[in-house]
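# Architecture and fold: a report
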Amino acid sequence: MRAALVEIGEITHFCRIVNVSPAGLELRLYRSAEPGTRVLVRLPSETCIDGTIIWARGNAAGIKLDTELDTTVLIGTESFDPKARRRMPRAMINRDGFLRVESVVYPVTVLDISPAGARTRSATPPGPRGPASLRLPGLAAIGCRICWINDSDAGLKFNSPIEMRTLEEWIKGLEHGTGLRQRA
C-alpha cells in the first residue's frame, strides 16, 4: 500500500493506493467520497494522476483514470538521492506551533506535514540539528529530529510516525475551525 495525497474538490486528503491497473486505482480514504467526483492523486514524487471516482464503499474508492497509467511510476523508480526522494506525501498547511530544541522554544509555522515529518519556518533559525520536540494545537508533543536547516526553514523527521488517520482527522479539524487558529 503506497501513501499518496488525493485532492477531492478543493481539499487535499491523505490516502493509500491499494490496487493498481493501467486504467484505474483503488484507494483507501480517511473521508467519504461520492461516485462521479473528479480527483487528482499526487504521489510523493509529485507525479499527478487525474481521474473520476466510479465507486465508493466505506473507506474504499475506485478511480477511473483519464489516461492510461504507466504503473512503473508507483514501484519506486524515484531518485535514489535521499534529498530528492520522499517516501510520504506532504500536506501543505500553514499552522503555528512551537519547536523545542534543548531548553529553547522557537515559535514556528508548519508549512507542510506528513506522518513522517514536517517543514517549519521561524523568525530565528532553530539550532543545532538534532533532537527536538514539535508542539501543535490539538496534537500531543511530537518527538523529532532536525535533519536540515536552511535560513529560516527546518526539516523535521518524526521519531515515530503519526498514524495517517490521526493526521487526517487533525487536518480535517483545522479546516472546520475546531478552535485551532490558522495563521493569516
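See the structure shown above.
So, here is what we can say about the structure in this document. Position numbers for residues start from 1 in each chain and track the written sequence from start to end. With pLDDT at 70 or above as the cut-off, local features in this predicted model cover only qualifying residues; side-chain atom pairs require 80 or more to be listed or tallied, and sums for whole chains, interfaces and linings still use all residues. Side-chain metrics rest on all non-hydrogen atoms present in the structure, leaving aside hydrogens and water.

A word on the sheet that holds strand β3 (residues 24-29). At least two bridges found by DSSP between two strands is the condition for calling them paired. Under the DSSP-based scheme used, a helix requires at least four consecutive residues in state H or I and a strand at least two consecutive residues in state E, with every element numbered from the N terminus. Reading around the barrel, the six strands line up as β1-β2-β3-β6-β5-β4 and close back on themselves, with antiparallel pairing between neighbours. Put simply, the sheet's adjacent strands are angled 45° from each other on average, direction ignored. When strand β4 (residues 38-42) meets strand β5 (residues 48-57), the two strands line up antiparallel, connected through five bridges. Bridged to R42 within β5 is C48. Note on geometry: axes are lines fitted to C-alpha atoms, helical ones only across the stretch in contact, with angles between N-to-C directions running from 0 to 180 degrees.

The pairing of strand β10 (residues 130-135) with strand β11 (residues 142-150) spans five bridges and is antiparallel. Looking at β11, one finds that L134 is bridged to I142. The turn joining β10 and β11, which pair antiparallel and follow one another in sequence, is formed by six residues; a positive phi near 90° is taken by G138. Examined bridge by bridge, β11 and strand β12 (residues 153-158) share six bridges and lie antiparallel to one another.

Within this document, salt bridges are pairs made up of a side-chain nitrogen of Lys or Arg and a carboxyl oxygen of Asp or Glu, the two lying within 4 Å of each other. Under the defined criterion, the tally for this structure stands at eight salt bridges. Here D66 ties to R38 by a salt bridge, and the two come within 2.6 Å at their closest N and O atoms. Of this pair, D66 sits in the loop between β6 (60-65) and β7 (91-101) while R38 is found in strand β4, placing the two residues 28 residues apart along the sequence. With a relative accessible area of 43%, R38 lands in the partly exposed category. The shortest N-O distance in the salt bridge between D153 and R121 comes to 2.6 Å. In this pair, D153 is assigned in strand β12 and R121 in strand β9 (residues 117-121), connecting sequence segments 32 residues apart. Working definition: with a 1.4 Å probe on protein chains only, accessible area under 20% of the residue-type maximum means buried, over 50% means exposed, and in between means partly exposed.

Interpretation in functional terms is not warranted from these geometric data alone.
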